[in-house]
Amino acid sequence: MQRVRRGETIMSNDKKSPYLIAQEQFDLAAEFMGLEEDLRGILRVPKRELTVNFPVRMDDGTVRAFTGYRVQHNTTRGPGKGGIRYHQGVTLDEVRALAMWMTWKCAVVNIPFGGAKGGVVVDPTPMSMRELENLTRRFATEISPLIGADGDIPAPDVNTNQQIMAWLMDTISMHSGRLESAITTGKPLGLGGSLGRSDATGRGVSFCVAQAAKFLGMDLNGAPTIVQGFGNVGSVSALMLHDLGCKITGIGDVYGAIYNPKGIDPHALVKHMKKTRTVADYPDCERVTSQELLELQCDVLVPAALEEQITGENAARIRPKILAEGANGPTTPEADKILFENNVFVIPDILCNAGGVTVSYFEWVQDLQSFFWDEGEINKRLKHVMDSSFQAVNERAQAHKIPLRLAANILAIERVAEATRLRGIYP
Ligand code: GLU
């Protein structure tokens, strides 16, 4: 080993811990449904948490130390399921929250998985492919005691993709001496990936927006639509909402945001983005900040970036008819109260972005059976899952006059609580 460089430092900000937010949301639902105290004690904390510190050799020959996490919140209804993110702002508390949201997400769409999440504290943007591969393979090795097709199944999340899933899967397969294709989802098609997986989250968002518009009696044709984030979820959501007739008027990414009340063609923007890697310099648009973007007048708003974008501070100025959460945890409980009072129809993350994990479930089933479905079959099944879950959550919300987030959490917690009671407490 040559020189050891200091690892990434955790970015500090004045935001509330996402874990506290996830627990607050849980407590609200548990209270409303009168959940037993012992179950509250079990379900409001993660089952298992692993922190790993590991070295990675960089291209310049130095060795750099990184920190990563894999948290399993709950595995009562099935193996842990959830993505792995690479981001400089990753913390254990963030991963705990994301793991907990995965439990409720899988339960709300009724797929037989628990909830898990992983993350590495790293800004991957300046890293070479080789450095990313080294980081991924070593991280996979460090968390391998938890990973398995019937134990815990990672997937892509912020700044991770098909290639990273392929390296992860190969690393675990090399350790076991045989191909283990079902240990991750979101893989390339040539490696047991599923048709429709890369579009699934955005497609699910568009199904939810269509259902919400139908319920509200709202015409999506020409409806001004703002999308925050232009990664996998944001870009596909924009494309699919555009196909539904929405007029995309604003889009943002990490480098900045653009606004054009006459409409932006997301197909052209995707092409532009491939060349310049950002939407920020797209022609004929007004430049706005990421925060200003959220407050622009629109009918449909899709936050598809990171947590805690809509808070007690800005919620009163955010007035879409439909707020469709493509990201995980974009709205704080303080903001939720204000949005509900202002009649904003919030489609909560655990429902709205569940299309990704739903097709992950289809991928896992296909891998285990070594029998692959065509894309039409996958999209049809996805639509069925999303539409019926939307109906179930919305019916519950309307019956009790409560926000959809509370209704979705109640539905999800009921399912996990029932499975826990049926399994009983060991020993
Ligand atoms: N990372 C995605 C999510 O937050 C997908 C998870 C998965 O497919 O396991 O839902």
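Refer to the structure printed above.
Described below are features of the structure shown in this document. It should be emphasised that the depicted structure is a prediction, and the values quoted were computed from it without experimental measurement. Residue positions are counted from 1 within each chain, in the order its sequence is given. pLDDT decides what is reported in this predicted model: residues at 70 or higher carry local features, side-chain atom pairs at 80 or more are listed and counted, and totals for whole chains, interfaces and linings draw on all residues regardless. To get the side-chain values, take all heavy atoms of the structure and skip hydrogens and water.

1. Comments concerning the sheet that holds strand β12 (residues 322–324)
The pairing of strands in a sheet comes from backbone hydrogen bonds and takes either a parallel or an antiparallel form. Being paired, for any two strands, means DSSP has found at least two bridges between them. Each helix corresponds to a stretch of at least 4 residues labelled H or I by DSSP, and each strand to a stretch of at least 2 residues labelled E; elements are numbered beginning at the N terminus. Reading across from one edge, β10-β9-β8-β7-β11-β12-β13 is the order of the seven strands in this open sheet, with mixed pairing throughout. At either margin of the open sheet sits one strand with a lone partner, and together these are β10 (286–288) and β13 (345–347). Direction aside, neighbouring strands of the sheet carry axes that sit 20° apart on average. In the sheet, β12 pairs with β13 via three bridges, with the strands oriented parallel. Counterpart to Ala324 in the pairing with β13 is Ile347. An axis is simply a line fitted to the C-alpha atoms; with a helix, the fit covers only the stretch in contact. Between two such axes, the angle follows the N-to-C directions and lies from 0 to 180 degrees.

2. Regarding the environment of Ala99
Positionally, Ala99 belongs in helix α3 (residues 92–108). For Ala99, a relative accessible area of 0% gives the class buried. Throughout, a residue-residue contact means that at least one pair of heavy atoms, one from each residue, lies within 4.5 Å. Residues within four places of Ala99 in sequence aside, it is in contact with Val71, His73, Gly115, Ala116 and Lys117. When a residue's accessible area, from a 1.4 Å probe over protein chains only, is under 20% of the maximum for its type it is buried; when over 50% it is exposed; and in between it is partly exposed.

3. A short note on the side chain of Arg96
Among the secondary structure elements, Arg96 is positioned in helix α3. Given the relative accessible area of 18%, Arg96 is considered buried. Any pair of N or O atoms that falls within 3.5 Å is considered a polar contact. Within protein, one atom must be able to donate a hydrogen and the other to accept it, and sequence-neighbouring residues count only if both atoms are side-chain atoms. Side-chain polar atoms of Arg96 contact the side chain of Glu49, separated by 2.6 Å.

4. Let's talk about α3
Counted at 1.5 Å a residue, the expected span for α3 with its 17 residues is 24 Å, and the 24 Å between its end C-alpha atoms agrees. Burial within α3 is extensive, with 16 of its 17 residues counted as buried. Asn110 occupies a position one or two residues after α3 and carries a positive phi of about 55°. Expected helix span is taken as 1.5 Å per residue step, with the number of steps being one fewer than the number of residues.

5. A short note on helix α4 (residues 129–143)
Here α4 contains 15 residues, and its C-alpha end-to-end distance of 21 Å stays within 8% of the 21 Å for a straight helix at 1.5 Å per residue. The inward-facing, buried residues of α4 contact β2 (48–57), β3 (63–74), β4 (80–87), β5 (115–121) and α5 (162–176).

6. Quick word on the pairing of strand β9 (residues 256–259)
Neither face of β9 is open: one carries Gly256 and Ile258, the other Ala257 and Tyr259, and all of them are buried. Here strand β8 (residues 247–253) pairs with β9 via four bridges, running antiparallel. Counterpart to Gly250 in the pairing with β9 is Tyr259. If you look at the hairpin formed by β8 and β9, you'll find two residues sitting between the two strands.

7. A word on the site of the ligand
For the ligand, the set of nearby residues contains 14 residues, the closest of which are Lys81, Lys105, Pro156, Asp157 and Ser360. Accessible areas in this description were obtained via Shrake-Rupley with a 1.4 Å probe; residue shielding takes into account the shown protein chains only. When the ligand is considered free in solution it has 300 Å² of accessible area, and contact with the protein chains removes 95% of it. When residues of the shell around the ligand are traced back to their parent elements, those giving at least two are β4, α3, β6 (152–156) and α12 (355–369). Being near a molecule or strand, for a residue, comes down to having at least one heavy atom within 4 Å of it.

8. Quick look at the pattern of salt bridges
We define a salt bridge as a contact between a side-chain nitrogen of Lys or Arg and a carboxyl oxygen of Asp or Glu at a distance within 4 Å. Taken as a whole and judged by the stated rule, the model has 28 salt bridges. Across the salt bridge formed by Lys117 and Asp157, the nearest N and O atoms sit 2.9 Å from each other. Pair noted here: Lys117 is in strand β5 and Asp157 is in the loop between β6 and α5, with a separation of 40 residues, a long-range link. For the pair formed by Lys117 and Asp157, the shared burial category is buried. In this structure, a network of salt bridges that share partners links the residues Arg85, Glu94, Lys117, Asp157 and Glu307.

9. Describing the packing of helix α6 (residues 200–216) against α12
Where α6 meets α12, the closest approach of the two axes is 7 Å, and the angle between their N-to-C directions is 125°. Considered as vectors, α6 and α12 are oriented oblique to each other. Helix-helix and strand crossings are classified by hand; for α6 and α12 the assignment is right-handed. Counted together, Ala200, Thr201 and Gly204 of α6 and Gly355, Gly356 and Val359 of α12 form the full contact between these two elements. A breakdown of the residues in the contact of α6 with α12 according to their chemical character gives two nonpolar, four polar and no charged. In what follows, roughly perpendicular refers to angles from 65 to 115 degrees, roughly parallel to angles under 35, roughly antiparallel to angles over 145, and oblique to any angle outside these ranges. Two helices that cross are described as forming a left-handed crossing if the nearer one is turned anticlockwise from the farther one by less than a right angle, and a right-handed crossing if clockwise. In this classification, Asp, Glu, Lys and Arg are treated as charged, Ala, Val, Leu, Ile, Met, Phe, Trp, Tyr, Cys and Pro as nonpolar, and every other residue, Gly included, as polar.

10. A short note on the packing of aromatic side chains
Under the pairing criterion, centres of Phe, Tyr and Trp rings, with the six-membered ring standing for Trp, must be within 6.5 Å; the plane angle then separates stacked pairs below 30 degrees from edge-to-face pairs above 60, leaving the rest tilted. A complete count under the given rule lists 10 aromatic pairs for this structure. Ring centres of Tyr361 and Trp364 lie 6.3 Å apart, and the angle between their planes is 35°; this geometry places the pair in the tilted category. Of this pair, Tyr361 and Trp364 both sit in helix α12, three residues apart, which is roughly one turn of the helix. Cluster of aromatic residues (ring-pair linked, three or more members): Phe113, Tyr361, Phe362, Trp364 and Trp373. Only when the NZ atom of a Lys or the CZ atom of an Arg is both within 6 Å of the ring centre and within 35 degrees of the ring normal do we say a charge sits over the ring. Positioned above the aromatic ring of Phe207 is the side chain of Lys383, whose terminal nitrogen or guanidinium carbon lies 5.1 Å from the ring centre.

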